Amino acid sequence: MFGLLSMFLTAPFYRKLSLRSGLTIAGTLIAVSFALYGLSTSYFAYLFAAAVTGLGWGLGTMIPTALLLDRWFISKRTTAIGICYASTGLSTLGIPSLLTSMVESMGLRTTFLIESAGTILIVLVAFLLLRNDPAQIGLQPYCYNAQQKQLLSERPPIHLTKLQWGFLIPMAVCTGAITNVGYSHLSVLTNANGFDPHTTALAIMVSGITLTCIKLVFGQLTDRLSMYRCNWLFGVLLLLGFVLLCVMGTHKVLLFVGITTLSAGLVLGTVGLTTWAGDLSGSKQYESTVRRFQISYASGGLIFSSIPGILADHFNGSYVPAYMMFFLCALFILVTIQIIYRKILLH
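These numbers come from a predicted model, not from an experiment.

**Student:** So what's going on with the overall build of the chain? Which residues, and what values?
**Tutor:** When you go through the chain residue by residue, the secondary structure sums to 17 helices and zero strands. For 347 residues, the compact-globule estimate of 2.2 N^0.38 gives 20 Å, and the chain sits close to it at 21 Å. Its C-alpha atoms put the chain at 55 × 50 × 35 Å along the principal axes. Per-residue burial for the chain yields a buried fraction of 48% across its 347 residues. Pairs at least 24 residues apart make up 79% of the contacts formed inside the chain by residues separated by at least 6 positions. Mean positive and mean negative side-chain charge positions of the chain (20 and 10 charges, respectively) differ by 10 Å.

So, in structure tokens, the structure goes:
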């Protein structure tokens, strides 16, 4: 909740502070929250630590990161965003096992304090490396050539109607629902279907590797195929993944094929969302468009977080109805973004 609320503060926060300073403060808040978790001895102290975590997360998520990348990349921006998102996926491949070992050997409190120190170190390195603008160190934003720089550096404004925004905001909410809630409930779905813990863990690992790899190549694909065609390609994969997970029962082949195709399609919920914001806005509108999309995205994760459990309670513990709902959300996302792309960008 505090993460979502703090997103509304990003506009005044980054008007007062540079992106470099603001991101440093946000990262420091995360480090402080880990220390608070390690030192807390009461329920309310843990709640305060969680609030600090949310504040740091909301001020330092993709909104300032997208703005920073927009300053540094005129072309290959989607590739840069994909690399940024892929780095978050890489952390899920080995870090959880390491943290589990640390908790077992040193205890939870000590592990939190070590995480706090590690985060401070990362924040310090980032502060030393980051610059608000390439001109600060005598560089130009990355671009293929001078002609493309002239065409792309100052994107003309795009005037979306109230009706179009009336569809785009719910679309971003649904994107947050399937990317956050749908993805996080995959292990619950497989357990409810009767798969053993080893199979579930292997499927989640395959999912993480697939999503990370697709994020890395997504920018190259959009350069070759266009974002409009990539929306169709990965949107269909997303829909197919939800269908396969709904009908898989206890078939392992359907589980692994379904979770792989779904994970590939979920790139639209990460790199795709930020790319849509850039395509549907001019240079001066980009900040407000990214902020609208990201706030709606976070709202979707919060609004839908309890719905899968509620549906499971009404359907004898089955999470298939929840994934049918996510299928409908994905269908709405694909239809909405493609209609608006055709209307705004292809005419």
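**Student:** Pulling in residues and values, what's your account of the packing of aromatic side chains?
**Tutor:** The final tally for this structure, using the stated rule, is ten aromatic pairs. Residues Phe167 and Phe332 carry aromatic rings whose centres are separated by 6.5 Å and whose planes lie at 35° to one another, so their mutual orientation is tilted. Taken together, the residues span a long stretch of sequence, with Phe167 in helix H9 (residues 162-184) and Phe332 in helix H17 (residues 320-344) at a distance of 165 residues. For Phe167, a relative accessible area of 41% translates into the label partly exposed. Of the residues examined, Phe332 reaches a relative accessible area of 26% and is grouped as partly exposed. The rings of Phe34, Tyr37 and Phe112 are connected pair by pair, giving a single aromatic cluster. Across the ring face of Phe127, the terminal group of Arg20 is positioned such that the distance to the ring centre comes to 3.9 Å. We note Arg292 situated over the ring of Trp165; from NZ or CZ to the ring centre the distance is 4.4 Å.

**Student:** I'd like to hear about the confidence of the model for the chain, residue by residue, with values.
**Tutor:** On average, the chain scores 86 in pLDDT, and the residues at 70 or more come to 93%. Confidence, expressed as mean pLDDT per element, reaches its minimum in the chain at helix H8 (residues 146-152) with 52 and its maximum at helix H12 (residues 227-247) with 95.

**Student:** Before we move on, could you go through the nonpolar core and cite the residues and values that matter?
**Tutor:** Of all hydrophobic cores here, the largest spans 80 residues; its most connected members are Leu168, Ile178 and Trp276. A per-element tally of this core places H17 first, with twelve residues. Ignoring anything within four residues of it in the chain, the contact list for Ile178 reads Tyr183, Leu238, Phe242, Leu266, Phe326, Cys329, Ala330 and Ile333.

**Student:** Before we move on, can you summarise helix H13 (residues 252-265) with the specific residues and values?
**Tutor:** With 14 residues, H13 extends 20 Å from end C-alpha to end C-alpha; this agrees with the ideal 20 Å at 1.5 Å per step. Restricting attention to buried positions, one finds in H13 the residues Leu255, Gly258, Ile259, Thr261, Leu262, Ser263, Ala264 and Gly265. The inward-facing, buried residues of H13 abut H9, helix H10 (186-192), helix H11 (197-225) and H12.

**Student:** Which residues make up the pattern of salt bridges, and what are the values?
**Tutor:** A complete count under the given rule lists one salt bridge for this structure. For the salt bridge of Glu287 with Arg291, the shortest nitrogen-to-oxygen distance reads 3.6 Å. A residue pair is termed a helical-turn pair when its members lie 3 or 4 positions apart in one helix, as Glu287 and Arg291 do in helix H15 (residues 286-303) at four residues. Classification of Glu287 by relative accessible area gives partly exposed; the value is 32%.

About the criteria used
- Residues numbered from 1 in each chain as written.
- Predicted model: local features only at pLDDT ≥ 70, side-chain atom pairs only at ≥ 80, totals over all residues.
- Heavy atoms only, no water.
- Helix = DSSP H or I, 4+ residues; strand = E, 2+ residues; numbered from the N terminus.
- Rg over C-alpha atoms; globule rule 2.2 N^0.38 Å.
- Buried < 20%, exposed > 50% of the residue type's maximum accessible area, 1.4 Å probe, protein only.
- Contact = heavy atoms within 4.5 Å.
- Lys, Arg positive; Asp, Glu negative; His and termini not counted.
- Charge placed at Lys NZ, Arg CZ, Asp CG, Glu CD.
- Phe/Tyr/Trp six-rings, centres within 6.5 Å; stacked < 30°, edge-to-face > 60°.
- Lys NZ or Arg CZ within 6 Å of the ring centre and 35° of its normal.
- pLDDT = per-residue confidence, 0-100.
- Core = buried A, V, L, I, M, F, W, Y, C linked by side-chain atoms within 4.5 Å.
- Expected span 1.5 Å × (residues − 1).
- Salt bridge = Lys/Arg side-chain N within 4 Å of Asp/Glu carboxyl O.

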